[in-house]
Amino acid sequence: MNHSHPITKNLFNLMLILLGNALYALAVTMFILPSGLITGGTTGLALFFFHQFGLPVTVFVSLFNVAMFLLGFWVLGKKLALTTLVTTFFYPFILGIFQRFPALSQITEDRLLCAIYAGLMIGFAIGIIIQMGASSGGMDIPPLVLNKKLGLPISATMYAFDFTILLLQMSFSNKEEILYGILLVLIYTLVLDKVLLMGQSRMQVKIISEKYEQINEQIIHQLDRGSTLIQAQTGYCRTELPMILSVVSNRELPRLTRLVNEIDPAAFLIVGAVKEVRGRGFSLSRDYR
């Protein structure tokens with residue numbers, strides 16, 4: 001599929017946002033509600049109001065998401081608020097649809113499995129939504145508002161809100177449920193971080209060799225990657241020798257290693273993972289000359 005056309009790209013992004021919301025709702029239906037797990041975010045607040053006041057989860061989520069959408073629209077501007085519009089209305093809708101199928105809530109009664117799989121699915125779901133430039137709405141909005149108005153770090157306020165919501169659920173939860181809730185939050189937080197960096201991590205390679213000219217030519221013409229020559233000096237002999245710096249994908253690293261070894265088996269390589277690379281050939285299209 002060609003995603004370069006604006007309409008095609010927007011439709012593709014919309015499909016992924018809907019998929020992320022559906023996956024989130026599926027995790028809640030299959031694992032969180034049947035097992036009585038506690039969690040953070042809007043779903044955690046919904047569980048608190050359900051146990052304390054009998055308010056259905058879908059009703060609370062709908063009302064709260066609309067309220068947060070209006071708050072975001074007022075404080076953060078319509079551009080950011082509109083990205084949450086799909087989530088605001090689609091998530092409670094698809095959650096209600098899934099809850100009509102009893103078979104979905106009978107997958108397993110093991111709370112540990114429920115916490116693990118719910119964490120994996122929720123982290124992946126939120127990651128997809130954020131990658132598409134949208135927001136999962138609800139409790140994502142207050143940290144953004146506090147960041148804009150008071151300059152508070154978004155990640156710190158998110159953790160604070162999640163922890164507070166977990167504490168609220170202690171009124172109807174036992175110690176074991178609280179531990180499972182903490183495990184769930186930790187899992188989906190870790191998965192979310194991984195998904196946000198998925199496809200962006202690369203390998204940085206530094207090469208020191210007397211045959212740097214040949215190696216540099218191979219990187220440019222065989223791997224079709226850019227390189228930078230950094231003036232360096234060896235520590236023992238004090239020899240002035242350019243060091244090659246290049247960034248390649250994980251799949252390209254073995255090929256680069258073979259090329260270097262074929263040219264100079266005594267070459268010194270330093271390989272390290274970098275979380276994100278931006279620029280031509282990575283976040284920008286290559287410019288062939």
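Residues numbered from 1 in each chain as written. Predicted model: local features only at pLDDT ≥ 70, side-chain atom pairs only at ≥ 80, totals over all residues. Heavy atoms only, no water.

K.L.:
Would you take a moment to explain the overall build of the chain for this structure?
P.N.:
Secondary structure summary: the chain contains 11 helices and four strands in total. Within the chain, the proportion of its 289 residues that are buried is 42%. Relative to all contacts within the chain whose residues are 6 or more apart in sequence, the contacts with residues 24 or more apart total 72%. If you sum the accessible surface of the chain, you get close to 16500 Å²; carbon and sulfur atoms cover 64% of it. (Helix = DSSP H or I, 4+ residues; strand = E, 2+ residues; numbered from the N terminus. Buried < 20%, exposed > 50% of the residue type's maximum accessible area, 1.4 Å probe, protein only. Contact = heavy atoms within 4.5 Å. Areas by Shrake-Rupley, 256 points an atom, 1.4 Å probe, with all protein chains shown as cover.)

K.L.:
It is not clear to me how the packing of aromatic side chains should be interpreted in this structure. Could you clarify?
P.N.:
Here a ring pair, both rings aromatic, is described through the centre-centre distance and the interplanar angle of the planes. Under the definition given, this model contains eight aromatic pairs. When the ring of Phe49 is compared with that of Phe53, the centres are 5.5 Å apart and the planes differ by 40°; the resulting orientation is tilted. Remark: Phe53 and Phe49 occur in helix H2 (residues 41–53); sequence separation between them is four residues, near one turn of the helix. For Phe53, a relative accessible area of 58% gives the class exposed. Aromatic side chains Phe90 and Phe93 sit 6.4 Å apart centroid to centroid with 45° between the ring planes, which places their arrangement in the tilted category. Of the two residues, Phe90 and Phe93 both sit in helix H5 (residues 85–98), three residues apart, roughly one turn of that helix. Put simply, the rings of Phe48, Phe49, Phe53, Phe60 and Phe64 pair up and form one aromatic cluster. (Phe/Tyr/Trp six-rings, centres within 6.5 Å; stacked < 30°, edge-to-face > 60°.)

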